[in-house]
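Residues per chain are reported as follows:
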Amino acid sequence: MNRDDWREARKKPVVVEFRGPYYDTETVETLEGDFEVTEEYLEEHGGYVIIRGVEGEVYPCGLDIFRETYEQVTA
């Protein structure tokens, strides 16, 4: 199999923390540098949440992507 061929994989069931949703522009400090949540980003994604990943990293996630990819865990 060629490494450039598309294959399928399933995301592991990992629990992450999040806060939001937010609907305002903001600068989010991430490991890769500052991420500007712009009006265009808000229009494209309908808002965003801020996720804290498994290693403590923080990053924004478009609300539409979040709703499609995650489900809230209830205690």
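You'll find the structure just up there.
None of these values were measured; they are calculated from a predicted model.

A. Highlighting the pairing of strand β4 (residues 48-52). With four of its five residues buried, β4 lies for the most part within the structure. Looking at chain direction, strand β1 (residues 17-22) and β4 are connected through four bridges and run antiparallel. Its bridge partner being in β4, F18 is matched across the sheet by I51. Of the pairings in the sheet, the one linking β4 to strand β5 (residues 58-62) comprises five bridges and is antiparallel in character. When the bridges of β5 are listed, Y48 appears paired with G62. Connecting β4 to the next strand, β5, in antiparallel fashion are five residues, including G56 with a positive phi near 85 degrees.

B. How the structure looks around the side chain of H45. When you line up the elements, H45 lands in helix α1 (residues 39-45). Residue H45 is classed as buried on the basis of its relative accessible area of 11%. Those residues in contact with H45 that lie beyond four places of it in its chain are G62, L63, D64 and I65.

C. Quick peek at a negative patch on the surface. Residues D24, E39, E40 and E43 make up a contiguous surface patch of negative charge. Position of D24 among the secondary structure elements: in the loop between β1 and β2 (26-30).

Procedures and definitions
- Residues numbered from 1 in each chain as written.
- Predicted model: local features only at pLDDT ≥ 70, side-chain atom pairs only at ≥ 80, totals over all residues.
- Heavy atoms only, no water.
- Buried < 20%, exposed > 50% of the residue type's maximum accessible area, 1.4 Å probe, protein only.
- Helix = DSSP H or I, 4+ residues; strand = E, 2+ residues; numbered from the N terminus.
- Pairing = 2+ DSSP bridges.
- Contact = heavy atoms within 4.5 Å.
- Patch = residues over 30% accessible without salt bridge, like charges linked within 9 Å, V, L, I, M, F, W, Y side chains within 5 Å.
- Areas by Shrake-Rupley, 256 points an atom, 1.4 Å probe, with all protein chains shown as cover.
- Salt bridge = Lys/Arg side-chain N within 4 Å of Asp/Glu carboxyl O.
- Lys, Arg positive; Asp, Glu negative; His and termini not counted.
- Charge placed at Lys NZ, Arg CZ, Asp CG, Glu CD.

Interpretation in functional terms is not warranted from these geometric data alone.
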